[in-house]
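Below are the chains, spelled out letter by letter.
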Number of protein chains: 4
Amino acid sequence: MDKNMFASDNYSGVCPEAWQAMMVANDGYANSYGDDIWTAKACDALRDFFETDCQVFFAFNGTAANSLALASLCRSYHSIICHDMAHVETDECGAVEFFSNGTKVLLVGGDEGKIDPAAVTHTVERRSDIHYPKPKVLSITQATELGTVYSIDELQAVGELAKHHQLKLHMDGARFSNALATLGVPAAELTWKAGVDVLTFGGTKNGMPVGEAVVFFDKSLAEEFDYRCKQAGQLASKMRYLAAPWVGMLEQGTLLKNAAHANKCAKLLAEQLLNVDGVTLMHQVQANAVFVQMPETLVEALHAAGWHFYTFIGSGHARFMCSWQSKEDDILQFGTELKKLAASL
Amino acid sequence: MDKNMFASDNYSGVCPEAWQAMMVANDGYANSYGDDIWTAKACDALRDFFETDCQVFFAFNGTAANSLALASLCRSYHSIICHDMAHVETDECGAVEFFSNGTKVLLVGGDEGKIDPAAVTHTVERRSDIHYPKPKVLSITQATELGTVYSIDELQAVGELAKHHQLKLHMDGARFSNALATLGVPAAELTWKAGVDVLTFGGTKNGMPVGEAVVFFDKSLAEEFDYRCKQAGQLASKMRYLAAPWVGMLEQGTLLKNAAHANKCAKLLAEQLLNVDGVTLMHQVQANAVFVQMPETLVEALHAAGWHFYTFIGSGHARFMCSWQSKEDDILQFGTELKKLAASL
Amino acid sequence: MDKNMFASDNYSGVCPEAWQAMMVANDGYANSYGDDIWTAKACDALRDFFETDCQVFFAFNGTAANSLALASLCRSYHSIICHDMAHVETDECGAVEFFSNGTKVLLVGGDEGKIDPAAVTHTVERRSDIHYPKPKVLSITQATELGTVYSIDELQAVGELAKHHQLKLHMDGARFSNALATLGVPAAELTWKAGVDVLTFGGTKNGMPVGEAVVFFDKSLAEEFDYRCKQAGQLASKMRYLAAPWVGMLEQGTLLKNAAHANKCAKLLAEQLLNVDGVTLMHQVQANAVFVQMPETLVEALHAAGWHFYTFIGSGHARFMCSWQSKEDDILQFGTELKKLAASL
Amino acid sequence: MDKNMFASDNYSGVCPEAWQAMMVANDGYANSYGDDIWTAKACDALRDFFETDCQVFFAFNGTAANSLALASLCRSYHSIICHDMAHVETDECGAVEFFSNGTKVLLVGGDEGKIDPAAVTHTVERRSDIHYPKPKVLSITQATELGTVYSIDELQAVGELAKHHQLKLHMDGARFSNALATLGVPAAELTWKAGVDVLTFGGTKNGMPVGEAVVFFDKSLAEEFDYRCKQAGQLASKMRYLAAPWVGMLEQGTLLKNAAHANKCAKLLAEQLLNVDGVTLMHQVQANAVFVQMPETLVEALHAAGWHFYTFIGSGHARFMCSWQSKEDDILQFGTELKKLAASL
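Position numbers for residues start from 1 in each chain and track the written sequence from start to end. Each chain gets a letter, beginning with A, and each ligand a number, beginning with 1, in the order they are written. It should be noted that, the model being predicted, local features are given only for residues of pLDDT at least 70 and side-chain atom pairs only at 80 or more, the latter also being counted only at that level, while totals for whole chains, interfaces and linings use all residues. With hydrogens and water stripped out, all remaining heavy atoms of the structure feed into the side-chain values.

Looking at an unreviewed UniProt entry, one finds chain A named L-threonine aldolase and attributed to Malonomonas rubra DSM 5091. What UniProt states about chain A under its Subunit (unreviewed entry) heading is, verbatim, "Homotetramer." Recorded in UniProt for chain A, the comment headed Function (unreviewed entry) runs: "Catalyzes the cleavage of L-allo-threonine and L-threonine to glycine and acetaldehyde." UniProt positions are given in the numbering used here, feature names are shortened, and annotations may be inferred rather than shown by experiment.

**What to know about the overall build of chain A**
When helices and strands are counted, chain A shows 14 helices and ten strands. Taken against the 2.2 N^0.38 rule, which gives 20 Å for 345 residues, the C-alpha radius of gyration of chain A at 20 Å falls within 12% of a compact globule. Of all 345 residues assigned to chain A, the portion counted as buried reaches 66%. Residue contacts are counted whenever heavy atoms from the two residues lie within 4.5 Å of one another. Of all intrachain contacts in chain A linking residues separated by at least 6 positions in sequence, the fraction that spans at least 24 positions is 75%. With an accessible surface of roughly 11300 Å², chain A has 50% of that area assigned to carbon and sulfur atoms. Helix and strand definitions here come from DSSP, where helices need a minimum of 4 consecutive H or I residues and strands a minimum of 2 consecutive E residues; each element is numbered from the N-terminal end. Our radius of gyration is a C-alpha quantity, and the globule rule it is checked against amounts to 2.2 Å times the number of residues to the power 0.38. Only protein chains enter the accessibility calculation, which uses a 1.4 Å probe. A residue is then buried if its area is under 20% of the maximum for its type, exposed if over 50%, and partly exposed in between. Accessible surface area values rest on a Shrake-Rupley calculation with a 1.4 Å probe, where residue burial reflects the displayed protein chains alone.

**Observations concerning the interface of chain C and chain A**
Of the residues lining the interface, 19 residues belong to chain C; the matching set on chain A comes to 19 residues. A buried area of about 1600 Å², summed over both sides, lies between chain C and chain A, and 44% of it is on carbon and sulfur atoms. Accessible surface is computed with a 1.4 Å probe, and the buried area is the amount of it that two parts give up when combined, taken over both parts together. Looking only at chain C, the three residues that lose the most surface to chain A are Cys93(C), Asn101(C) and Lys104(C), adding up to 32% of its buried area. We count a salt bridge whenever a side-chain nitrogen from Lys or Arg sits within 4 Å of a carboxyl oxygen from Asp or Glu. At the surface where chain C touches chain A, the tally comes to six salt bridges. The partner of Glu89(A) in a salt bridge is Lys104(C), and the shortest N-O contact between them spans 2.8 Å. Elements with a contribution of two residues or more to the side of chain C that touches chain A: helix H4 (87–90), helix H5 (95–99) and strand E3 (104–108) of chain C. Each residue belonging to the side of chain C that touches chain A can be placed in one class, and the counts come to seven nonpolar, six polar and six charged. We call Asp, Glu, Lys and Arg charged. Ala, Val, Leu, Ile, Met, Phe, Trp, Tyr, Cys and Pro are nonpolar, and the rest, Gly among them, are polar.

**Notes on the sheet that holds strand E8 (residues 280–281) of chain A**
All names here are of chain A. In this analysis, strands are considered paired if DSSP registers two or more bridges between them. Judged by pairing direction, the sheet is antiparallel, and its three strands sit side by side in the order E8-E9-E10 without closing on themselves. At either margin of the open sheet sits one strand with a lone partner, and together these are E8 and strand E10 (317–321). For E8 and strand E9 (residues 289–293), the ladder comprises two bridges, and the chain directions are antiparallel. Bridge assignment links Thr280 to a residue of E9, and that residue is Gln293. With axes taken as lines fitted to C-alpha atoms, and helix axes fitted only over the stretch in contact, angles between N-to-C directions fall between 0 and 180 degrees. Lying over the sheet, helix H12 (residues 254–274) contacts E8, E9 and E10, oriented at roughly 15 degrees with respect to E9.

**With respect to the relation of the copies chain C and chain A**
Least-squares fitting of one copy onto the other uses the C-alpha atoms of those residues that reach a pLDDT of at least 70 in both copies. For these two chains of identical sequence, chain C goes onto chain A by a turn of 180 degrees and a shift of 0.0 Å along the axis, with RMSD 0.0 Å. The transformation just described matches what one would write down for a two-fold rotation axis. Interface overlap between copies is the fraction of interface residues in one copy that are interface residues in the other; for chain C against chain A it reaches 100%, indicating a shared surface.

**Some details on helix H2 (residues 37–50) of chain C**
Residue and element names in this part refer to chain C. For a helix, the expected span equals 1.5 Å multiplied by the number of residues minus one. In this model H2 runs 20 Å from its N-terminal to its C-terminal C-alpha over 14 residues, within 8% of the 20 Å that 1.5 Å per residue would give. All of the buried residues along H2 are Trp38, Thr39, Ala42, Cys43, Ala45, Leu46, Phe49 and Phe50. Down the axis of H2, the buried side of the element spans an arc of 160 degrees, and every buried residue falls inside it. Away from its buried face by more than 90 degrees, H2 exposes Ile37 and Asp48. Two or three places before Trp38, at the opening of H2, Asp36 has a side-chain oxygen 3.1 Å from that residue's backbone nitrogen. Where H2 terminates, the next one or two residues include Glu51, which has phi positive at roughly 50 degrees. The arc in question is formed by the directions pointing from the helix axis toward the C-beta atoms. Polar contacts, as used here, are pairs of N or O atoms within 3.5 Å; protein pairs need one atom able to donate a hydrogen and one able to accept it. Residues neighboring in sequence count only if both atoms are side-chain atoms.

**A few points about the relation of the copies chain C and chain D**
With an axial shift of 0.0 Å and an RMSD of 0.0 Å, the rotation relating chain C to chain D amounts to 180 degrees. Of all interface residues in chain C, 100% are interface residues in chain D too; the two copies therefore contact each other through one and the same surface.

**Some details on the interface of chain C and chain D**
In this complex, chain C contributes 51 residues to the contact, which on the side of chain D involves 51 residues. The contact between chain C and chain D buries some 4400 Å² in all, and 54% of this surface belongs to carbon and sulfur atoms. Applying the counting criterion to the chain C and chain D interface returns zero salt bridges. At the boundary of chain C and chain D, one finds 38 residue pairs in polar contact (both at pLDDT 80 or more). Among the secondary structure elements, those contributing two or more residues to the side of chain C that touches chain D are helix H1 (16–25), helix H3 (62–73), H5, helix H10 (225–231) and helix H11 (240–251) of chain C. Class assignment for the residues of the side of chain C that touches chain D results in 22 nonpolar, 22 polar and seven charged.

**Digging into the domain arrangement of chain A**
All names here are of chain A. Where each domain starts and ends comes from a domain assignment, either automatic or drawn from a database. One can read the domain layout of chain A as domain 1 (16–251) and domain 2 (254–344). Its C-alpha centre places domain 1 at a distance of 28 Å from the equivalent point of domain 2. Of the residues lining the interface, 26 residues belong to domain 1; the matching set on domain 2 comes to 22 residues. Both sides together, the interface formed by domain 1 and domain 2 hides about 1800 Å², and carbon and sulfur atoms give 56% of it. The tally of links from domain 1 across to domain 2 stands at one salt bridge. Its salt-bridge partner being Glu17, residue Lys257 comes within 2.8 Å of it at the nearest N-O pair.

Dropping the structure here:
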């Protein structure tokens, strides 16, 4: 049993369907810079998936996909509003500010990793002078960094909020598939039908090697985005290796299958964790993450036993992640080991 | 016969050895962000390859690798000197200026795509006032964009020139392996022993899917380069897929084997092209590119017959590229077709 | 009586001594871009003032002076720690992020507008991974935005804190003279002797038309700052008009005289305000600002009567500023009017 | 006689009319950040001057005015076309690239410092792929850096050229008044009637202390330019000192009077220079600059005699500038001294 398996969903490898598609795409020569059939197919598959004529680009990773999307929605003297736990704020080393040449990120709170609408309104309205950056974009994360999922109703409210304040709406969808699997509705419902202008759609955490999609539902916003990607070092020459996995995973429903599996594993893992005295759930388990509060001694004992998981939020708080690669047997076995460990303390 | 085969070396796929290494690396979980064994192995393999304790980073593509390396060597009010045909000038859409927040690229000429040392000196010396960006970096390309290769003597002269003017020396090595195969000397001779401070070492054009190495021979220059990569969207979460191909290709000598093959194919292709009346060589064939001048009618006839190759430099000028994937039989067959076409005009 | 007189210290004009110096400097031709005698004199006068061989530059305004100073202390993937009420955060429209190409500003709280040392330590220590910008600079404001002044002991503690965390120490001294007048010690005590690396020394709010000084006490940090200013549009061609006012105000002690006068007026104004029932002081009056809490009806009545002052912090909070131009008679007269107004409510 | 008087027009001081206006404006308190009556008056005066409802902003200097104007017309992946002698290219230390976060400046030649239209067309048309920045702006200088002036016909042709290629047209008018004085037509003819979208209108070289106007004839392009100025450190708090000189100089026709005087002095100076054997004119004298070729021995003798003038273009080339402050007597006296010097060689 690999004791890294709960550390992060990006510890997982490439799933068979993505791999197979890359292998097929590897045959012979292919036009470069996205002028190949795999990129065309992947874009079409995403348009089908979202049931709309959206504009699709591929960037190498989530940091770049988010930052370029956000930079395309604003100028340096604007600001972007997001949750204070948002990945673009906490884990991208100032990439948003860098790609946009100085756009300020304004933080709002909100339960369960979801933005508090009143806080957004306050942030938009408290200043209207030129001495402070003008809010221009609202960025939300679906599923959130805390493993929760905005409901359709919540999303629609967010969409209306953005519209009301004339903010463009960006969705960081590093784990969009997990949210989709949870809600069980068409992808359109979670995105353009709810007012999302641009989605960064993550593939890596769900079984691809590299390559996130940037999906513009408002196509006018995509103008010259190809130039932006190129200048920012995000145009792959051998694009087929970014695109083919999307084809492989969309054609066969693997995207949702993988996400559903990860979500299911997270629920199973939560059960195992909650089986232990003193362990409590910090957030609802609605995607592939489990956040628990556990005795600090147990955290230490798990770490001592070689288990790798993040405790970044504070003392006794622990995050466990599942992925397409998680195995139910492993989770059950971990549960057994955990109980034993806890009992021995 | 694929009529795209001479369009660019980035039209080629992933070579078997790189693929095999990725496949092995795909097994199970792996630490993310470069904290995995494949990245460690790849860095070690590169240190062995260069016979020195260099600092190694992986970026997704050449544009980013070049731009980040250059940005790390200067501030926005500095300037970078390069050949007017350099890729960083002609084909990266202002990426150098973007990543460095405004560093000016100053152009010098020079035969065969190699910088003219006197022009460099003139460029450094003609201004010393604060109204013009201060030259700080000299960037050369090896092999050059014109398919030629700086000799060891030429490189050493460039190294001394840079040192004399207190310029850092950057080498764009998108086709470094091709130069190495041509010169038949250890990689150290072409780099740090000649005064190169930082090399961007290309893998993609030589058989990898994605991922170029940035190699700092002066390790003090690498300080916080990891932060720079992260902020600029160039830190892969599943780094193993960028690193493993390097391991696969360095362990077995494939890197040089691929490059030598491409170079050999280019020579063969040049012979075929020169077999035709009115076709003349524009530059020496020292790497994997063949630049010829041919009758405009022949260019048109080839294009009409479906052959894809670039004619960007001007009327009648044509570039043909070979790669690890080129096949000698295909080249001979192309030669036959070409002669027939030329005869029919 | 001008009802704008308490709105801001930048509503005041140019004081006679600054004006006179400009007038003298206006005679005949002068070398441009700072190569003139007035700039030399102003730099020397500042070196005398600080009793050390500091490096001095002049920028047009405070936003630029702060931003350029901060940008020179860090790289885009670093971060700057400051108070959440700091001008660089609240009133410069993302200038710090813009000039530094994305450096993140991290906020800490603290009473009376002064940073809480424990919060600084927490901010430095809570993250040490490359996914979050590395703290590199501590920026404090003296006098603070709330009209308070760091004591010498407090400053020394801040200096040690910065040193302990290997942070460069920047001081926003838009109202540095006011702090100096309050503390009554040599300027050296408030700056380099307390560990300040760079000071942006404001002249505008204290009686000059335009032009703030950037003073590097650690001269190694000033390397190429002239290029930085030039590229950023902050090198005045007719520098004499920025420099001469400094000469005029330093030669004759006007700088401190003006500041002391403004401070004294603020105390007098505070007395007038506190004379009224329901008005309470929000912060100590240690410089030229008076922050009070007053009945919202009184705020409205004053505004209705044409008085201009800021209430930006929240309901019933009001800021009144004094300057070199404030007149004690006017303040007393305002006090009388205020009492009458309050009584009538 | 001041031997610096021909070095540059920015060696001159503030002219009486500008000074007087500042002095009047210095009376009492005034709203800050441009919300004062002097700024309102200056904007109105400029609208009258251009006979159109243009949008006007004031920046501190020409580098910033040009850079902000250009940045507002493009994105980082665009390019700006200008003459290879343009100030934005040769003397602003990469400011354009800095303020625009990487926009490339593409150079074209052309006689007498005026762009060659065919070269512009070639530059626009030679590339249309995403690997090279997309041309978006044409920037011309009027009067040019070589002291020549585009005629109305030439300007209209440039305007049509820009329109044809869908380029925005920017005019660097650091010496716009000199061109205006030469051509003797309304300012409208040289600007919006000829297709100019944005003008940076210089005041400093023509007798002001600091402060250039940015004039948007296409008002839609001025959207949020106030935020841009603020963020970039170009919003003066005591704006009255930038605005009042414009009022003073526009109200009384001083702007044109000063420029006409400088132009006349340049013609007189040219006569004196050409009086000497071996001295020849390099460019037509159409504004306030005189470019001559003179024996290197004469250059050296003049320098040895203490005369300050620039010889930056190459051996024996010398530039002499006149300004509002030049005195005809001084020029004649210089002529006499020059003849004597030349005779003695």
